[in-house]
Structures are given as structure tokens and as C-alpha cells.
Amino acid sequence: MIEISVRKPLYSAGDELKLDVTINLEPGQIMALYGPSGVGKTSLLRMISGLMRPESGRICINGKVWFDSSTKQNLKPQERNAGFVFQDFALFPNLTVEGNLMYGLPKNSSRQMVYDLLERFELQKLKDRKPELLSGGQKQRVALARTLVQQPELLLLDEPLSALDPSMRRSLQDYIRQINSEQQCTIILVSHDISEIFRTAHKVLVLDNGKADRYGAPHDVFARKQISGKFRFTGEILGIRKEDVIYVAEVLIGTDIIKVVLDPSEITNLSVGDKVMVASKAFNPIIQKLS
Ligand SMILES: Nc1ncnc2c1ncn2[C@@H]1O[C@H](COP(=O)(O)OP(=O)(O)OP(=O)(O)O)[C@@H](O)[C@H]1O
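Residues numbered from 1 in each chain as written. Predicted model: local features only at pLDDT ≥ 70, side-chain atom pairs only at ≥ 80, totals over all residues.

- For the protein, the name recorded in an unreviewed UniProt entry is ATP-binding cassette domain-containing protein, with Fulvivirga sedimenti as its organism.

The structure is reproduced here in C-alpha cells:
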């Protein structure tokens, strides 16, 4: 189990901000951290990785205690089997792209993994470049690949795909899911993108002012189960599923996911990723594909 319970007062621009979070996560799951700017998401990752010391609490990863304020245990970052992708990438400036990846390779591991990741992240042509000659999105891919090379048991990703274009973003979202199922590593990722959370995460923790506001499967946390009144919005289809005898589309509208019951005849015309308009007509939602 991944058992994290930490407390620490943080500096804040406004009211007092006291981070006080407890997470119990099955190993091998992907959990997203979601919430407005400044609520403590990065600080929480830094505490788990050992870069920031909690005032009190306990961090126990798969039976090994990384931090325990009551027994004064506090493993150094390099003693924690965690990989961390920072918001500012933190690449080694004097090493090439390939050098950055090779640096993270555990002793006695095959270099083939580095070559596979260079290919998967479309970095082969950039492998001899130094970080200063890379774009933000390219640096972000190198940072993520370098962390995956380390094959950590816990992967901490701070908005790992924010600088990427939509198609690369989607491809790497799939890859994060694939790595997670192949390596069975647990992943905690910060994301502001609900569709990304929906596609990648098993669980989501919504942080608000340092505390857990909501926790559960993305579908349960974000879905608005009741719709009433007149409305007309555009959105994106995240999923279509059969529930008993009816079909239900899950549509992302702004930051909300709503459910719309579909007529079987509408399904053939709709697929995941379609931009749609959702409207109420005498309180019955109808859905239309946008060209
Ligand atoms: N070492 C520290 N000690 C105390 N407070 C800190 C420390 N480092 C950062 N803070 C404060 O913690 C607060 C939360 O910052 P944090 O970066 O964790 O938020 P966040 O939710 O990740 O925001 P964003 O989404 O903008 O990245 C900020 O007000 C920041 O000033």
C-alpha cells in the first residue's frame, strides 16, 4: 500500500494554508492531484520525494517507511525509490538528451531501454542536443523519459504533459497508462486537465486550500449527476457506455463531466473525442455532433 499522511503550514498569499493530506492508494494505481493554483499540490509531491520535510506525519511506501515524524525516520531523496518530473524539467544542462537518459539508467540495466524511450518519445533526432537547444515540449519529453529510465516504484509527475501539443499529449497519456500496467509502478500526477485525468487516472484527489476536498474515481468525482433547467453548451465526448439497456455519453463541458442518455440510433454517429453540443429541450437533454 501507498500510505501518506502529512501536515505542514505553507506560505500563502492569502489566508493561512496548512497542508493536511492523507492518501491511501493501492500499489500500481495512477492517482491524479487536481485543484486550483497554490493549494499545495507541488508541495505534497516534494514531501513524498523527500525534497520538503513535513512538519509531522508518516510516509510508508509498499511496507517501507520513508518518513515518520514520531520515530524521526527521514530517508534522503536518493534513498527513496521515487522518480520525480519537475515543472521546470531540471535536466542536466551539460549532458545531451541521450546523456540525460543514460544518467538515470540503473546499474546493470540494458541500454536498449534508453533507445526504446528515445523512439517512443520521438527524440531520436534530438539525442545529441543539449537541453538549451530544446523547446519546452521537447524538454518535457526528455524529463519524463529520463524518469521512466529509472524504473521507480513511485512516479511523481508535476504536470508532465502541460507543454505538449494535443496529439503528443494524447500519445503520452496512453504511454503513461501502458508503463503503469507493464511496470506496475504507482503514479501520482498533478494535472489541471480533466480530460487527461479521465484518460489516465484510476483515482483523483481534489485539493482545496491544503485539504482533500473530494476523492474517488474521476467519473464519480467530476460527474454531475443532476441536470436541470435550460442550457446549451459545447463539449467533448469522453466516453460512451452501455448501462443496462441504455447508452450514456460522458461529456466534458468546461471542467465538468455530465452524463447524457443517448438514443441507440445516435450512437453510430458519435465517438470519443467528438465535439458536441449538449442542450436541454423541455428538460430532456439532446446531443448534436458539431462539424
Ligand atoms: N518550502 C516551503 N515552505 C513553506 N511554504 C512553501 C514552501 N514552498 C512553497 N510554499 C508555499 O506553498 C504554497 C503552495 O504552493 P504549491 O507550489 O505547492 O501549490 P500548487 O498547488 O502546486 O500550485 P500550482 O498549481 O500553481 O503549481 C505557495 O503559497 C508557496 O508559496
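1. Comments concerning the overall build of the protein
And step 1. The secondary structure content of the protein amounts to 8 helices and 17 strands.
And step 2. Whereas a compact globule of 291 residues would reach a radius of gyration of roughly 19 Å, the protein reaches 21 Å, a difference of no more than 12%.
And step 3. On the principal axes, the C-alpha backbone points of the protein span a range of 60 × 50 × 35 Å.
And step 4. Taking all 291 residues of the protein together, the buried fraction comes to 34%.
And step 5. Contacts spanning at least 24 positions in sequence make up 63% of the contacts within the protein whose residues lie at least 6 apart. (Helix = DSSP H or I, 4+ residues; strand = E, 2+ residues; numbered from the N terminus. Rg over C-alpha atoms; globule rule 2.2 N^0.38 Å. Buried ≥ 20, exposed ≤ 12 C-beta atoms within 10 Å, placed from the backbone. Contact = placed C-beta atoms within 7 Å.)

2. So, the nonpolar core
And step 1. Counting 69 residues, the largest nonpolar core has Leu-33, Ile-48, Leu-117, Ala-145, Leu-156, Ile-187 and Val-251 as the members making the most contacts within it.
And step 2. Sorting elements by how many residues they give to this core places helix 4 (residues 136-149) first, with 6 residues.
And step 3. Two domains each put at least three residues into this core: domain 1 (2-221) and domain 2 (225-289).
And step 4. The contact partners of Ile-187, leaving out residues within four places of it in the chain, are Ile-30, Leu-155, Leu-157, Ile-176 and Asn-180. (Core = buried A, V, L, I, M, F, W, Y, C linked by C-beta atoms within 7 Å. Domains from an automatic or database assignment.)

3. Some details on the site of the ligand
And step 1. The full set of residues close to the ligand is Leu-10, Tyr-11, Ser-12, Leu-17, Ser-37, Gly-38, Val-39, Gly-40, Lys-41, Thr-42, Ser-43 and Met-52.
And step 2. For the shell around the ligand, the element with the most residues is helix 1 (residues 41-49), which contributes 3 residues. (Near = placed C-beta within 6 Å.)

4. A word on unusual backbone geometry
And step 1. Even without being a glycine, Glu-122 presents a positive backbone phi close to 50°.
And step 2. Structurally, Glu-122 can be placed in the loop between helix 3 (112-120) and helix 4.
And step 3. The phi dihedral of Asn-209 is positive, around 50°, even though this residue is not glycine.
And step 4. By secondary structure assignment, the location of Asn-209 is in the loop between strand 10 (203-208) and strand 11 (211-216).

5. With respect to the confidence of the model for the protein
Close reading of the predicted structure is inappropriate where its pLDDT is low.
And step 1. Overall, the predicted model of the protein reaches an average pLDDT of 86, with 95% of residues at or above 70.
And step 2. By mean pLDDT, the top-scoring element of the protein is strand 4 (residues 56-61) (96), and the lowest-scoring one is strand 12 (residues 223-224) (60).
And step 3. Here residues 225-229 is modelled with pLDDT under 50, and outside its nearest four sequence neighbours on either side it reaches 4 contacts, counting other chains as well.
And step 4. Overall fold confidence (pTM) sits at 0.77, and the ipTM for the predicted complex is 0.93. (pLDDT = per-residue confidence, 0-100.)

6. As for helix 3
One full turn of an α-helix is made of 3.6 residues, so residues set three or four places apart face in the same direction.
And step 1. For helix 3, the complete set of buried residues consists of Val-114, Leu-117 and Leu-118. Across the axial projection of helix 3, the buried residues extend over an arc of 105°, all falling on one side. Away from its buried face by more than 90 degrees, helix 3 exposes Gln-112 and Glu-119.
And step 2. Tucked into the core, helix 3 has its buried residues touching helix 2 (97-104) and helix 4. (Arc of directions from axis to C-beta.)

7. A closer look at the domain arrangement of the protein
And step 1. The domains assigned to the protein are domain 1 (2-221) and domain 2 (225-289).
And step 2. The centre of domain 1, based on its C-alpha atoms, is set 33 Å off from the matching centre of domain 2.

8. Considering the environment of Ser-70
And step 1. Counting through the fold element by element, Ser-70 comes out in the loop between strand 5 (64-68) and strand 6 (73-74).
And step 2. In this structure, the C-alpha to C-alpha distance between Ser-70 and Asn-94, residues 24 residues apart in sequence, is 41 Å.

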